[in-house]
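Residue-level structure breakdown
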Amino acid sequence: MTDEERNSLKENLVEEVLNSGVPEHVAMIMDGNGRWAKDRGFTRIRGHQAGARNVKRLVQLADDLGIRHITLYAFSIENWARPWLEVSALMRLILAYIIRERNELHKKGVRFRFLGRISELSPRIIEEAQRSTELMAKNTGITLNLCINYGGRSEIVDAIKKIIIVGIPPEKITEEIISQYLYVPDLPDPDLIIRTSGEMRISNFLLWQCAYSELVISAKYWPDFDEIEFLKSLRVFQLRERRFGKTSEQIISSEG
Ligand code: FPP
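Report on the accompanying structure. (Residues numbered from 1 in each chain as written. Predicted model: local features only at pLDDT ≥ 70, side-chain atom pairs only at ≥ 80, totals over all residues. Heavy atoms only, no water.)

On to the site of the ligand, then. In the neighbourhood of the ligand, 18 residues make up the surrounding shell, with Met30, Gly34, Arg35, Arg44 and Arg82 lying closest. Between the ligand and the protein, one listed contact pairs an oxygen atom with a side-chain N or O atom of Asp31 at 3.2 Å. Gly32 places a polar main-chain atom, nitrogen or oxygen, 3.3 Å from an oxygen atom of the ligand. Here the ligand loses 91% of its free accessible area of 620 Å² to cover by the protein chains. (Near = heavy atom within 4 Å. Polar contact = N/O pair within 3.5 Å; in protein donor to acceptor, adjacent residues only side chain to side chain. Areas by Shrake-Rupley, 256 points an atom, 1.4 Å probe, with all protein chains shown as cover.)

The subject of this paragraph is the pairing of strand β6 (residues 214-217). Of the two faces of β6, the one lined by Glu214 and Val216 is fully buried and the one lined by Leu215 and Ile217 carries no buried residue. Where strand β5 (residues 192-195) lies against β6, 4 bridges are found, and the strand directions are parallel. Within the sheet, the bridge partner assigned to Leu192 lies in β6 and is Glu214. (Buried < 20%, exposed > 50% of the residue type's maximum accessible area, 1.4 Å probe, protein only. Helix = DSSP H or I, 4+ residues; strand = E, 2+ residues; numbered from the N terminus. Pairing = 2+ DSSP bridges.)

Moving on, we come to the nonpolar core. Met28, Leu146 and Phe230 are the most contacted members of the largest nonpolar core, which has 47 residues in total. If one sorts the elements of this core by residue count, helix α4 (residues 84-107) sits on top with 8 residues. Once residues within four sequence positions are removed from consideration, Phe230 is found in contact with Val26, Met28, Leu58, Leu61, Ala62, Leu65, Ile67, Ile194 and Phe225. Membership of the second largest hydrophobic core comes to 13 residues, among which are Ile29, Leu115, Val184 and Leu206. (Core = buried A, V, L, I, M, F, W, Y, C linked by side-chain atoms within 4.5 Å. Contact = heavy atoms within 4.5 Å.)

Turning next to the packing of α4 against helix α5 (residues 123-136). Remark: α4 packs on α5, axes separated minimally by 10 Å, with the N-to-C direction vectors making an angle of 20 degrees. When the axis of α4 is compared with that of α5, the two are roughly parallel. Judged by the twist between their axes, the crossing of α4 over α5 is left-handed. Along its contact with α4, which presents Met91, Leu95, Ile98, Ile99, Arg102, Leu105 and His106, the element α5 presents Arg124, Ile125, Glu128, Ala129, Arg131, Ser132, Leu135 and Met136. Per-class residue counts for the contact of α4 with α5 are 9 nonpolar, 2 polar and 4 charged. (Axes fitted to C-alpha atoms, helices over the stretch in contact; angles between N-to-C directions. Parallel < 35°, antiparallel > 145°, perpendicular 65-115°, else oblique. Left-handed = near helix turned anticlockwise from the far one by under 90°. Nonpolar A, V, L, I, M, F, W, Y, C, P; charged D, E, K, R; others polar.)

Attention now moves to the packing of aromatic side chains. The final tally for this structure, using the stated rule, is 11 aromatic pairs. When the ring of Tyr150 is compared with that of Phe205, the centres are 6.3 Å apart and the planes differ by 85 degrees; the resulting orientation is edge-to-face. On the criterion of sequence distance, the pair formed by Tyr150 in strand β4 (residues 143-150) and Phe205 in the loop between β5 and β6 is long-range, its members being 55 residues apart. Accessibility classification places Tyr150 together with Phe205 in one group, the buried group. Ring centres 6.4 Å apart and planes at 70 degrees place the aromatic pair Phe225 and Phe230 in the edge-to-face group. Each residue in the set Tyr73, Tyr150, Tyr183 and Phe205 is aromatic and connected to the rest through ring pairs, giving one cluster. A cation over an aromatic ring shows up here: Arg46 above the ring of Phe42, its NZ or CZ 3.6 Å from the ring centre. (Phe/Tyr/Trp six-rings, centres within 6.5 Å; stacked < 30°, edge-to-face > 60°. Lys NZ or Arg CZ within 6 Å of the ring centre and 35° of its normal.)

Attention now goes to the pairing of strand β3 (residues 111-115). In terms of burial, β3 is largely enclosed, as 4 of its 5 residues are buried. Direction of pairing for β3 relative to β4: parallel, over a ladder of 5 bridges. Pairing of Phe114 across the sheet is with Leu146, part of β4. Assessed by its sense of winding, the connection that carries the chain from β3 through α5 to β4 is left-handed. (Right-handed = clockwise from strand over helix to strand, strands pointing away.)

So, about the sheet that holds strand β1 (residues 25-29). Reading across from one edge, β3-β4-β2-β1-β5-β6 is the order of the 6 strands in this open sheet, with parallel pairing throughout. Every other strand in the sheet has two partners, leaving β3 and β6 as the edge strands with one partner each. Direction aside, neighbouring strands of the sheet carry axes that sit 20 degrees apart on average. For β1 and strand β2 (residues 69-76), the ladder comprises 5 bridges, and the chain directions are parallel. Following the sheet pairing, Ala27 is matched in β2 by Thr71.

This is the structure:
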């Protein structure tokens, strides 16, 4: 495809997406960096570097489309089990991203938040994450939620601990209360979760919040998951019927 053809395809897809109801919250499992690198004879770390470069353009596009929240699974609790060289490269990439993008994201009105057991990260990451969160706290553009040292089960465990510590009695515990004690209490549930690289697993991601999320799996590896692939995934989502446990007929009559 020529650049001109790609631009025209992108423009058409943007128009279709904008005309069909943009999701409020899109979450992404950025998978396939290692295989992308292996296919090219590169180290896995180069795959992650290419993956990090891809983050910037998709956050920008999500913002341009008017998506309100984007959540990225950058490092899971389980990822600590990877070779130390890879873990430290990932931590360096995440730290570099937080520092490098701060001013530009702030100028664009982005809000930055972090989900995960952040206190277990290096003091430098904690400090820079806090600096970004505070700097951008009052911004009203898209919220970028970065999951680092994140696990869906740990998030629920941590919420239960907080509920016990503040002394909420069992009869007062509701789904709303649990939501309020998650890492980011006012985060709406994701409408759409995209996973790249063809894997069909949720991998401990947003377990509480994903109850009624639509899943779209892209065969592309994350570094190749470009703007056109993102727009196509949004179109797949828009063509789904979300029923939330109701019947198709009920949904149609409520829309009419
Ligand atoms: C999964 O691919 C990807 C990760 C564990 C890390 C995701 C990190 C990035 C995209 C870069 C850093 C992020 C930011 C926000 C700057 P994999 O390594 O499991 O790939 P594989 O399954 O092909 O081996």
